[in-house]
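Given next are the chains, with one letter for each unit.
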Amino acid sequence: MKILVHLHLYYADMLPEMLNSLRSLEGRAYDLYVTLVKDCDAVKKEILAFKNDAQIMMVDNRGYDLAPFLKVLQSVSLDDYGYVIKLHTKRDLPKPAHLPYGCFKNSEWRNCLMGFLKDRQTFVEAYNLLEKHSEIGMLSHWKLIVKSGKEDREATRRAEEIMQQLGLPPKERRFVAGTMFICRAKLMKPLLKLNYMANDFDVPAPNHAGGTLAHAMERVLGWLVYAQNSQIASYEPFSFGKKLQVLLFKSRRFLYRKHTNSKGITRIKICKIPVCTRRP
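Residues numbered from 1 in each chain as written. Predicted model: local features only at pLDDT ≥ 70, side-chain atom pairs only at ≥ 80, totals over all residues. Heavy atoms only, no water.

As a further point, take the overall build of the protein. A count of helices and strands for the protein gives eight helices and 14 strands. Counting all 280 residues of the protein, 48% fall into the buried class. Pairs at least 24 residues apart make up 73% of the contacts formed inside the protein by residues separated by at least 6 positions. On the protein, roughly 14,400 Å² of surface is accessible, and the fraction owed to carbon and sulfur atoms is 50%. (Helix = DSSP H or I, 4+ residues; strand = E, 2+ residues; numbered from the N terminus. Buried < 20%, exposed > 50% of the residue type's maximum accessible area, 1.4 Å probe, protein only. Contact = heavy atoms within 4.5 Å. Areas by Shrake-Rupley, 256 points an atom, 1.4 Å probe, with all protein chains shown as cover.)

Encoded structure:
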């Protein structure tokens with residue numbers, strides 16, 4: 001089945017790494033759409049040298065990778081595709097980031113997000129997983145399939161409003177933190193009803209503060225899968241050893257947790273009890 005690939009290339013210097021990952025698709029039929037926020041002939045030339053029929057689109061720097069993704073979906077017929085691969089450039093983390101299933105440092109988050117494209121064999125296994133299991137609608141890494149919680153209540157509230165607008169009440173509030181995945185194209189069709197334009201999205205904030213339309217859409221992409229009677233699965237098996245790692249991680253987080261929010265407020269909790277608050 002033909003694949004629609006969207007790469008949002010915000011950090012142009014990461015193009016070689018992204019193209020190297022796309023080599024895992026060699027031998028398969030796919031259309032490549034690349035969105036850029038800065039016009040650069042050298043970058044365009046490199047993209048077309050890699051795939052001469054690639055479609056390059058200039059977009060406003062709004063809505064992170066979500067607004068460009070919607071623009072690409074609005075530019076194609078999803079009926080022409082069996083699957084959609086969504087990619088974007090994610091820098092190494094400047095400081096450790098915690099999610100429910102683990103702590104990420106440096107390039108670890110990006111490596112998990114793009115892991116299904118790390119080599120041709122891994123992609124074949126991920127693709128075959130989708131082909132064999134019709135109940136799976138989206139694939140990412142198990143560490144990044146998270147449930148909407150207290151971390152961004154405003155984004156969750158806005159996501160719920162969007163789902164109501166689509167007429168698809170959420171059945172499960174799980175999504176891929178970082179929004180890189182492969183999914184069934186038909187599951188993205190409801191997004192075409194939204195008619196969002198670039199100006200509906202915020203300009204990215206330097207501190208990546210939450211609560212924006214883009215953060216809400218990050219959740220919606222996952223919620224849509226469950227609302228259409230599918231599920232998000234991991235391309236990497238969640239073995240007993242990995243379950244034990246998660247248990248140990250959560251135990252340590254329960255005993256001691258230090259968190260700094262987007263406003264620079266740092267809170268230290270012991271056994272979930274706040275013991276110290278530091279303001280900038």
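A separate point is the packing of helix H1 (residues 15-22) against helix H2 (residues 41-50). Where H1 contacts H2, the axes come no closer than 11 Å and their chain directions differ by 15°. As summarised for this structure, H1 and H2 are arranged roughly parallel, according to the angle between their axes. The two elements H1 and H2 meet at a crossing, and its hand is right-handed. Only Val 43, Glu 46, Ile 47 and Phe 50 of H2 make contact with H1, whose side of the interface consists of Leu 15, Pro 16, Leu 19 and Leu 22. Within the contact of H1 with H2, the residues separate by chemical class into seven nonpolar, no polar and one charged. (Axes fitted to C-alpha atoms, helices over the stretch in contact; angles between N-to-C directions. Parallel < 35°, antiparallel > 145°, perpendicular 65-115°, else oblique. Left-handed = near helix turned anticlockwise from the far one by under 90°. Nonpolar A, V, L, I, M, F, W, Y, C, P; charged D, E, K, R; others polar.)

For strand E5 (residues 93-99) and strand E6 (residues 102-106), the ladder comprises four bridges, and the chain directions are antiparallel. Bridging from a neighbouring strand, Leu 99 pairs with Gly 102 of E6. Turn length for the E5-E6 hairpin, with the two strands adjacent in sequence and antiparallel, is two residues. (Pairing = 2+ DSSP bridges.)

Here we come to the layout of surface pockets. Space inside the second largest pocket adds up to approximately 190 Å³. The dominant element in the lining of the second largest pocket, judged by the number of residues it contributes, is helix H3 (residues 66-75), at five residues. Its residues assigned to classes, the lining of the second largest pocket shows nine nonpolar, one polar and three charged. (1 Å grid on protein atoms, 1.4 Å probe; cavity = no way out; pocket = protein on both sides within 12 Å on 5 of 7 lines; lining within 4 Å. Points joined across faces, edges and corners; volume = space filled by probe spheres on them.)

What follows is about the nonpolar core. If you look at the biggest cluster of nonpolar residues, it comprises 86 residues, and the most contacted ones within it are Ile 85, Leu 87, Met 188, Leu 191 and Met 217. The element contributing the most residues to this core is helix H7 (residues 213-227), with eleven residues. (Core = buried A, V, L, I, M, F, W, Y, C linked by side-chain atoms within 4.5 Å.)

Next up on the list: the packing of aromatic side chains. By the definition in use, this model includes seven aromatic pairs. Between the aromatic rings of Tyr 196 and Phe 201, the centroid separation amounts to 5.9 Å while the plane-to-plane angle is 80°, which identifies the pairing as edge-to-face. Considered together, Tyr 196 and Phe 201 belong to a single accessibility category, that of buried residues. One aromatic cluster is present, formed by Tyr 83, Phe 123 and Tyr 127 through successive ring pairs. In this structure, Lys 51 is placed above the aromatic ring of Tyr 30, and the distance from its NZ or CZ to the ring centre is 4.8 Å. Across from the ring centre of Phe 104, 5.8 Å away, lies the NZ or CZ of Lys 143, which sits over that ring. (Phe/Tyr/Trp six-rings, centres within 6.5 Å; stacked < 30°, edge-to-face > 60°. Lys NZ or Arg CZ within 6 Å of the ring centre and 35° of its normal.)

By secondary structure assignment, the location of Lys 38 is in the loop between strand E2 (30-36) and H2. Sequence-wise, Lys 38 and Val 59 are 21 residues apart; in three dimensions their C-alpha atoms are separated by 8.2 Å.

Here the focus is the sheet that holds strand E10 (residues 181-184). In space, the seven strands of this open sheet follow the order E3-E2-E1-E4-E10-E7-E11, with mixed pairing throughout. Looking along the sheet, the strands with just one partner apiece sit at the ends: strand E3 (55-58) and strand E11 (231-234). Looking at each pair of strands side by side, their axes are set apart by 20° on average, direction ignored. Here strand E1 (residues 3-9) runs beside E2; their pairing, made up of seven bridges, is parallel.

Moving on: unusual backbone geometry. Even without a glycine there, the phi angle at Thr 179 is positive, about 50°. For Thr 179, the location among the structural elements is in the loop between strand E9 (174-176) and E10. For Asn 195, which is not glycine, the phi dihedral falls at a positive 55°. Looking at the secondary structure, you find Asn 195 in the loop between E10 and H7. Asn 195 sits in the exposed class, given a relative accessible area of 55%.

The subject of this paragraph is the pattern of salt bridges. Working definition: two side chains of opposite charge can pair if their charged atoms are close together. Counted under the stated rule, the structure contains 15 salt bridges. One salt bridge connects Arg 120 with Glu 26, and the closest N-O pair in it is separated by 2.8 Å. A residue pair is termed long-range when its members are at least 10 positions apart, and Arg 120 in helix H5 (residues 120-132) and Glu 26 in the loop between H1 and E2 qualify at 94 residues. Assessed through its relative accessible area of 43%, Glu 26 is described here as partly exposed. The salt bridge involving Arg 174 is made with Glu 172; its shortest N-O contact spans 3.5 Å. A relative accessible area of 24% means that Arg 174 is categorised as partly exposed. (Salt bridge = Lys/Arg side-chain N within 4 Å of Asp/Glu carboxyl O.)

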